[in-house]
Structures are given as C-alpha cells and as structure tokens.
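So you can see what is in the structure, the chains are spelled out below.
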Amino acid sequence: MAATLRQRIDQVRHVIATAANKSGRDPAAVTLVAVSKTVDRPMIDAAYQLGLRHFGENRVQDAVNRFDPPLPPDAELHMIGQLQTNKVRLGLSVFTMIESVDRPSLVQALDKEAARIGRRLPVLIQVNVAGEDQKAGCAPEQTSGLIQLVQESAWLDLRGLMTIGPLVDEPEAIRPVFAGLRSLRDQVRDNDGSPSLDVLSMGMTNDYAIAIEEGATEVRVGRAIFQP
Ligand SMILES: *Cc1c(COP(=O)(O)O)cnc(C)c1O
C-alpha cells in the first residue's frame, strides 16, 4: 500500500512543483491538503508517515470517527464542507481550521465555541464565485461584510478565502473562477486596507494545477492521492 501511495503523493508534488514554477512561484508556498473523506485510518496514517501534515474532511461526524485517536500534534485537520451551527462544538473537538465560513450565524457560533475552549481558530471565508445555486459559500458581494464580521470576532483568525470550482468536463473552464477568487481577494484587500488574506484555497484533483497557476496557496486533493 505504502509504495503506491508514495508514488501518487510524489506525482502530486511533481504537478504542484511544475505549476508553481511555471507561474514563477515557490512550490513550498503551496500547501497540500490531503482530502481523506473516502479512506480508512490506516491509509491516513500511511500518508502521515510519508510526510503529509494537512488533511481535509467535509463531514463532522466522519472526521470525528476517522481522527480518533488524533494524529500527532503537528498534523492539521481542515474542515472543507458545509458546517451546521449545531455541529460546531463537535467539529472543534477535531478540526484545527475551518475553511467553509459562509454566513454570519456560523461566524458567531465558531467565535463563541473558540472562546469557550480558549483556542484561537484560523478560518477561511468560502465564496461561491461561480454563483451556482446549490453550492455552498457566500456570494462575492457578501464577502466584504463577512470579512468585517470575522475580524470583529475575538477568537477567529482570518487567513483568506476558499472556493470550490464548478463541476465541468474541461478543467480549463474553471480558470476564470480561480482568477475571480484571486481578484476578489485583491479587491477586498485594497478596499479594506486591513487583512492580509494570504491564503487562497482552491483546486482539487481535476484542476489543482490550474488553481496554482491562478494563485492558489492551498490545494485540496483527494482522489489523486488516495485513489489507486
Ligand atoms: C472532496 C473534496 C475535495 C477533493 O476532491 P478530489 O476530486 O477527490 O480531489 C476538495 N475540496 C472539497 C471541498 C471536497 O469536498
């Protein structure tokens, strides 16, 4: 198992390096989040042993089950799925970072729970750049208001923005969405003058090379790592 997993991880790292170099960026500036939502714990442990330190899950209960016992403390677990406010307490028992902040009620619930457990919580705001009806994420025009709300939250640490590209046959069709998230980030950064918003979490198995070319600092890759 470890041998082929190793090869897949090496291949993903190679794609990341190629895309970063192509756009004149440092491959080390791109964080690889291994999306483990479809695999069992032994595979996750093997990936950790092979050097991966960031993992992503999209359901609270699955993450709680899969990450008990927890990985060593240098591992990070990212919440990348829609988060209900009634799952916030359970979620923060396992996640170290929330990427799917998309509404004021969630900001308030996260801040309250982070305060209760006394832990500052890094978050990303998820934006529905493509404007798809069924997709999670705030509308682009709501981003600025949510940023302000997060910044007013004592226990939340705003790191940047996240988006999920639309499901399309041709990955190149997603490029404008990734470029859109980056320019939205640049715009709010200029307007509000304040937050650094360094993190752009965008790109999955089908499109992470394109996302990196468009400025992703974090890619969330599941199948390319875990699917034999
Ligand atoms: C499942 C998932 C991924 C990983 O998708 P792959 O196509 O398996 O790489 C990335 N981001 C989110 C939000 C996901 O739900």
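Structural data are supplied above this passage.
Quick caveat: nothing in here was measured; it's all calculated off a predicted structure.

Draft legend 1. Inspection of the environment of L149 at higher detail. Note that L149 resides in helix α6 (residues 143-151). Along the primary structure L149 and Q108 are separated by 41 residues, whereas in three dimensions their C-alpha atoms are 8.7 Å apart. If near-sequence neighbours (up to four positions away) are discounted, L149 is found in contact with P104 and V107.

Draft legend 2. Quick peek at the nonpolar core. The biggest cluster of nonpolar side chains holds 66 residues, and the ones touching the most others in it are F55, I98, L110, I125, I212, V219 and I225. Per-element accounting of this core gives the leading share, 6 residues, to helix α1 (residues 2-22). Here I225 is in contact with L5, R8, I9, V12, L32, A34 and L52, once residues within four sequence places are set aside. Formed by 6 residues, the second largest nonpolar core is a distinct cluster that contains V35, I80, M162 and V199.

Draft legend 3. Structural detail: the pattern of salt bridges. Under the criterion given, the structure shown has 15 salt bridges. Here R159 and D157 are joined by a salt bridge, their closest N and O atoms 3.1 Å apart. Assessed through its relative accessible area of 24%, D157 is described here as partly exposed. With a shortest N-O distance of 2.9 Å, D186 and R185 are connected by a salt bridge. Judged by relative accessible area, D186 falls into the partly exposed class, the value being 28%. One network of salt bridges, in which partners are shared, links K22, E172, R175, R182, E213 and E214.

Draft legend 4. Molecular detail of the packing of aromatic side chains. Enumeration over the complete set of coordinates arrives at 1 aromatic pair. Note on F55 and F67: the rings are 6.3 Å apart at their centroids and 55 degrees apart in plane angle, and the pair reads as tilted. You can see F55 sitting in strand β2 (residues 54-57) and its partner F67 sitting in the loop between α3 (60-66) and β3 (76-79), a full 12 residues away along the chain. Among the residues examined, F55 registers a relative accessible area of 0% and is labelled buried. Assessed through its relative accessible area of 7%, F67 is described here as buried. For R53, the ring lying beneath its charged end belongs to Y48, and the centroid distance is 3.7 Å.

Draft legend 5. Expanded view of the site of the ligand. What surrounds the ligand is the set V35, K37, N58, I80, I164, M204, T205, R220, V221, G222 and R223. The contact in question runs from an oxygen atom of the ligand to an N or O atom on the side chain of K37, over 2.7 Å. Between R220 and the ligand, the recorded distance is 2.9 Å, taken from a side-chain N or O atom to a nitrogen atom. Protein burial of the ligand: of its 390 Å² of free accessible surface, 90% is covered by the chains.

Basis of the calculations
Residues numbered from 1 in each chain as written. Predicted model: local features only at pLDDT ≥ 70, side-chain atom pairs only at ≥ 80, totals over all residues. Heavy atoms only, no water. Helix = DSSP H or I, 4+ residues; strand = E, 2+ residues; numbered from the N terminus. Contact = heavy atoms within 4.5 Å. Core = buried A, V, L, I, M, F, W, Y, C linked by side-chain atoms within 4.5 Å. Buried < 20%, exposed > 50% of the residue type's maximum accessible area, 1.4 Å probe, protein only. Salt bridge = Lys/Arg side-chain N within 4 Å of Asp/Glu carboxyl O. Phe/Tyr/Trp six-rings, centres within 6.5 Å; stacked < 30°, edge-to-face > 60°. Lys NZ or Arg CZ within 6 Å of the ring centre and 35° of its normal. Near = heavy atom within 4 Å. Polar contact = N/O pair within 3.5 Å; in protein donor to acceptor, adjacent residues only side chain to side chain. Areas by Shrake-Rupley, 256 points an atom, 1.4 Å probe, with all protein chains shown as cover.

Nothing here speaks to function; it is all geometry.
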